[in-house]
Structure formats: structure tokens, C-alpha cells
Amino acid sequence: MTGAIQKKVTVSGNVIQSTIDTMESFGRIGQEILKSHGISKIRANDQYPYELRSDLHKAALERFGRIALVAFGFEMGDYLSPVFVDDMYQKSNSIFDRFDNSSSKEKLESLEKFLTLYCQYVTNFFQNSIVSDESIKYGMWYQKCDDLDYEIRVTSAYDFHQEPFLVGIQDYVFARCLGNRIGFSRLFEQKKSHAGYGYATWVWRLSFHFASINKTSDEIVALRKLEINQKLMKAVLDHADSQKQKVEEISEKLGKYLPPQIHNALFSGQYDTAIDTRRKKLTIFFSDIKNFTLTSEGLQPEDLTKYLNEYFSEMTAIALEHGATIDKYIGDAMMVFFGDPQSKGEREDARACVEMALKMQERMRDLQEHWKNQGFADPFQVRMGINTGYCNVGNFGSDQRLTYTIIGGEVNISQRLEANADANGILMSYETYAHAQDMIQVKERDSIKMKGISREIKVFSVIQRKDQISGKKPKSKKQPTKKELSDIEHLKQDMVLVKNHIEGLNENMEKLLKKL
């Protein structure tokens with residue numbers, strides 16, 4: 001039909017709806033596919049593109065594998081029962097009425113009568129439910145290859161990947177009509193099968209064998225359904241496990257872009273992504289590398305990247321260890337805060353921030369020595385600023401993209417303090433110092449004024465920890481041993497004797513002096 005206009009191939013709404021119904025236990029797959037086709041509701045008497053059913057099956061096939069379509073096909077057998085399978089079942093019982101007492105030749109004749117009946121029903125069903133170009137001949141046919149070996153060919157408005165669905169329908173029909181009399185094995189002849197727009201043709205080689213099973217057809221159908229569903233359940237569980245692993249991997253990757261507190265709250269369903277902020281007292285920390293531009297110009301890009309990543313990794317680890325919420329990295333600068341989304345109270349948040357800054361300071365001394373040994377002649381020197389005050393904290397942005405951050409004048413104060421700090425130094429406001437004055441020795445600097453801030457900002461420069469003022473930490477006293485305690489007692493006794501002896505000498509000296 002090259003150059004000709006193809007007539008659209010459609011299937012009835014009843015067929016589409018039955019397909020969706022068989023997939024209902026697998027969640028919203030069916031509804032998702034309908035939505036992608038711009039369809040909100042299936043109407044039984046309308047016609048729909050055959051690609052719609054193909055896409056429904058393809059979604060299940062990609063998620064759960066071949067067994068999913070086999071299961072859908074077997075389930076479809078129940079929907080086809082009132083359409084033609086029940087009637088075919090009654091007629092097949094008539095065909096096989098005296099099957100057990102028949103000769104081999106008579107059994108073969110009965111089998112071929114059944115196959116003829118099956119092909120007639122399927123062909124009529126396809127022709128009544130599919131609308132297409134008349135050049136496509138839909139139906140089911142069989143050809144005898146050998147005794148008990150037959151080639152079955154089916155052409156219908158499907159895509160090639162839907163072959164397992166037809167296998168499921170076949171399994172249902174054979175279990176219902178042949179199950180307690182005749183068994184079979186099936187081989188898919190893929191090279192003989194083909195597909196094009198509006199059709200797919202599949203060929204199977206079926207090898208039958210006579211078998212007498214002491215079960216009803218309903219029992220055989222139930223057992224086959226259980227077997228298929230068990231395989232399907234395993235596929236679903238495997239898929240769920242795979243999806244869980246993917247979610248964990250994605251979660252881990254997202255965790256590198258989000259503050260851990262927000263990341264954990266999001267994935268546990270405890271955090272709302274609505275555009276919403278609140279006013280809260282926080283302790284804000286800024287740090288940057290002094291003369292970063294000048295320092296970076298003396299480094300190769302690879303070395304700069306290595307040292308900068310090492311610096312941020314070390315500082316971030318310390319920040320997280322002390323419960324900080326990491327807001328952002330801005331070039332060589334780092335901004336974190338304490339007090340949201342988790343808080344231990346205004347005082348403890350401020351003290352945690354000061355302790356974090358001191359630990360960063362200590363770690364930087366180690367890193368500077370380490371970098372010098374690696375050939376970094378002028379290692380990074382970090383300035384830090386800390387302030388405590390009220391900020392607006394929460395989700396800022398748009399419906400399309402949000403950022404969790406803080407804004408307000410107190411944030412600007414923290415940044416200003418950091419910019420005025422000495423290299424390797426820490427500046428903090430009085431509002432922070434008031435909560436941590438028992439931890440640190442400070443030197444008060446000149447107060448500063450800032451535009452938009454009504455108060456003068458008292459500034460304190462951290463000199464050292466208070467437990468470092470004496471030059472070294474006091475050593476813990478060693479407990480004496482039993483032997484040492486015994487020696488001490490003897491020493492005390494000796495000291496008493498010496499004291500008595502000295503007192504005696506003093507008395508003798510006094511007597512001599514009186515005589516003189």
C-alpha cells in the first residue's frame with residue numbers, strides 16, 4: 001500500500017476498558033497512559049486507536065516483564081467468557097463427550113474440531129471489535145504439521161511486543177476447554193512472525209499430548225492462574241526492590257544538594273514544599289577565604305579544585321557534626337545557620353555554632369600544615385562571622401523551583417562580621433557572645449553601624465577557648481597505688497619523729513643560750 005493513505009485502525013471502547021480493568025491491581029498505570037493520550041474516560045461504544053492498548057501493555061511489560069502480559073491475557077479470558085469462551089466451552093464439551101473411550105484417530109479428529117471451533121470464534125471476535133483497512137485480514141488459523149503438532153497463526157490489531165498477552169489468552173482457553181483431557185507445549189516461531197501498522201502476526205508451534213487429569217476445568221484454570229500470579233508477584237517484588245534501590249540512589253544524590261535535615265524530612269513526608277516562611281531567631285555563620293582570588297591565581301586549576309574541595313569537605317563535616325543547616329556555598333564562601341528546621345533553643349543553638357567555628361579554626365591549622373607539606377606555599381586563611389537574631393526562614397521561590405534559605409538584616413550582619421574578621425579569626429556580635437561567654441576569651445572591637453539596622457552592633461573578636469588561657473589543659477590527677485599509700489604513711493611517721501627531734505634540739509639550744 002505504498003503511497004496510499006492508511007486508514008486509522010481502531011478498537012472498541014469495551015476492549016480498551018477490559019484491558020484497563022485487568023491492569024487495575026497494578027496501580028495507576030492505566031490512568032497514566034490514558035492521560036498521555038488526552039483521554040479522561042473510556043466510552044464502551046466509541047472507537048479508540050489500537051496504539052492505546054499497545055501503550056498500556058508496553059508500560060506493564062517495561063515495568064514487570066513478559067509475565068505481566070501473560071497474566072493480563074489470562075485475566076482477559078474471564079472478560080471474554082461471556083463474549084465467546086463460555087459458548088465455546090459448552091460446544092467443546094460436546095466435541096469431547098466420548099473422548100476417554102475414543103480411539104487415537106477419533107481423539108485427533110476431536111482435537112482438530114476444537115481448533116477449528118476456536119479459530120472461528122477468535123476470527124469473529126476480531127472482525128467485530130476492530131475497524132481497519134479491509135486489506136488487513138484479522139483472525140486465527142491453524143495448519144497441521146504432524147500428528148498432534150500444529151502451527152497456529154494469529155493476526156490482530158496489536159504491536160509485536162504484545163505476543164505474551166495472546167499467550168495468556170490461549171492459556172486460559174486451553175485450560176478451560178482442554179485442561180483435563182489434552183496437554184500441550186508451545187514454541188514461538190519468531191522468524192515467521194511479523195508486524196506493521198495496524199497489525200501483528202504471530203506464529204506458534206503447538207505440540208499436543210493426550211492426558212487424563214482428575215480435576216475439573218475450573219480447578220485447572222484456578223491452578224494455572226495461581227501459578228501465573230505467583231510468577232507475577234515475584235516480578236512485581238523484584239521491580240519494587242529495584243525501584244527502592246533507585247530511589248535510595250536518587251535520594252543519596254539529592255542529599256548532596258539539600259541540607260540533610262530538609263532532605264530527611266522530605267523523604268519521610270514530614271516537610272511541606274509549599275511557598276511558606278516564618279520568623280525565627282537563628283544563629284547565622286559566614287566564612288570565606290581571605291584573598292581567595294590572589295591565592296587561586298598562584299595555583300593550577302586542578303590543584304585549586306583539589307584544595308577547595310578538601311576545604312569544603314572538612315568544614316562541611318564539622319558543620320553537620322554540630323547540627324548546622326548548610327544553606328549554600330557561594331564561590332569560596334560558606335553560609336550555615338542553627339535553629340531551623342531543628343532547634344535546641346536559642347542559647348544552645350548559639351553555643352553549638354561557636355563550638356563549630358572553634359573546631360573549624362582548629363582543623364584549619366592542621367590543614368594549613370598539611371597543604372604546606374604538599375607544596376601549597378600560601379594555604380587558605382579563613383575568616384568567620386557569627387550573629388544571632390531574627391530572620392525569615394523557609395521556602396522561597398516559585399511553584400516551579402524552590403530554595404530553602406534565610407533572609408533578613410541579621411544575615412547581612414553575619415556577612416559583614418565575616419568580611420571584617422582577621423585572617424584565621426572569628427568575629428561575633430554581642431547577641432551571640434552573650435550565650436557563649438563562658439566558652440571563649442574575646443577582645444571587644446569598635447562597634448559598627450549598618451544601613452537598615454537600627455542598633456549599633458557590638459563586635460567581639462575571639463582570642464581563644466577559655467580552657468586554653470593557662471597555656472595547656474590541666475592534667476587529671478593520677479590516683480596513688482596501695483604501695484604508694486603505704487609509703488606515704490611511713491613518710492608521715494618519719495616526719496613526726498623529725499619534728500619531735502627538732503623540738504628537742506630547740507629546747508637544748510634555749511638552755512645553752514641562758515647559760516651564756
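Structure: above.
The rules behind these values
Residues numbered from 1 in each chain as written. Predicted model: local features only at pLDDT ≥ 70, side-chain atom pairs only at ≥ 80, totals over all residues. Heavy atoms only, no water. Axes fitted to C-alpha atoms, helices over the stretch in contact; angles between N-to-C directions. Helix = DSSP H or I, 4+ residues; strand = E, 2+ residues; numbered from the N terminus. Parallel < 35°, antiparallel > 145°, perpendicular 65-115°, else oblique. Left-handed = near helix turned anticlockwise from the far one by under 90°. Contact = heavy atoms within 4.5 Å. Nonpolar A, V, L, I, M, F, W, Y, C, P; charged D, E, K, R; others polar. Salt bridge = Lys/Arg side-chain N within 4 Å of Asp/Glu carboxyl O. Core = buried A, V, L, I, M, F, W, Y, C linked by side-chain atoms within 4.5 Å. Buried < 20%, exposed > 50% of the residue type's maximum accessible area, 1.4 Å probe, protein only.

(A) Expanded view of the packing of helix H4 (residues 66-95) against helix H5 (residues 104-129). Where H4 meets H5, the closest approach of the two axes is 10 Å, and the angle between their N-to-C directions is 160°. Accordingly, the angle class assigned to the pair H4 and H5 is roughly antiparallel. Viewed along their axes, H4 and H5 form a crossing whose handedness is right-handed. Residues Leu 80, Val 83, Phe 84, Asp 87, Met 88, Lys 91, Ser 92 and Ile 95 of H4 touch H5, and the partners they reach there are Ser 110, Lys 113, Phe 114, Leu 117, Tyr 118, Tyr 121, Val 122 and Phe 125. Residues that form the contact of H4 with H5 fall into these classes: 11 nonpolar, 2 polar and 3 charged.

(B) Fine view of the pattern of salt bridges. As enumerated under the stated definition, the model contains 30 salt bridges in all. Across the pair Arg 278 and Asp 340 runs a salt bridge whose closest N-O atoms are separated by 2.8 Å. Of the two residues, Arg 278 sits in strand E9 (residues 277-289) while Asp 340 sits in the loop between strand E11 (333-338) and helix H11 (346-373), which places them 62 residues apart along the sequence. Residues joined in a network through salt bridges with shared partners are Asp 171, Arg 186, Arg 224, Glu 227 and Lys 231.

(C) Examining the nonpolar core more closely. Phe 114 and Phe 208 are the most contacted members of the largest nonpolar core, which has 74 residues in total. It is H4 that provides the largest number of residues to this core, a total of 13 residues. Aside from chain neighbours lying at most four places away, what touches Phe 114 is Met 88, Ser 92, Ile 95, Phe 96, Val 173, Phe 174, Cys 177 and Leu 178.

(D) Representation of helix H1 (residues 13-22). Here H1 lies mainly inside the structure; 7 of its 10 residues are buried. All buried positions along H1 are accounted for by Gly 13, Val 15, Ile 16, Ser 18, Thr 19, Ile 20 and Thr 22. Those residues of H1 hidden inside the fold are in contact with strand E1 (10-12), helix H2 (29-36), strand E2 (47-49), helix H3 (50-64), H4 and H5.

(E) Representation of the packing of helix H6 (residues 163-177) against helix H7 (residues 217-254) in the model. Two numbers describe how H6 lies on H7: the axes approach to 7 Å, and their chain directions differ by 150°. By the criterion of interaxial angle, the relationship of H6 to H7 is roughly antiparallel. Note on element contacts: H7 touches H6 through Ser 217, Asp 218, Ile 220, Val 221 and Arg 224, opposite Asp 171, Tyr 172, Ala 175 and Arg 176. Across the contact of H6 with H7, the residue classes tally to 4 nonpolar, 1 polar and 4 charged.

Remember that the coordinates give geometry; whether it matters functionally is a separate question.
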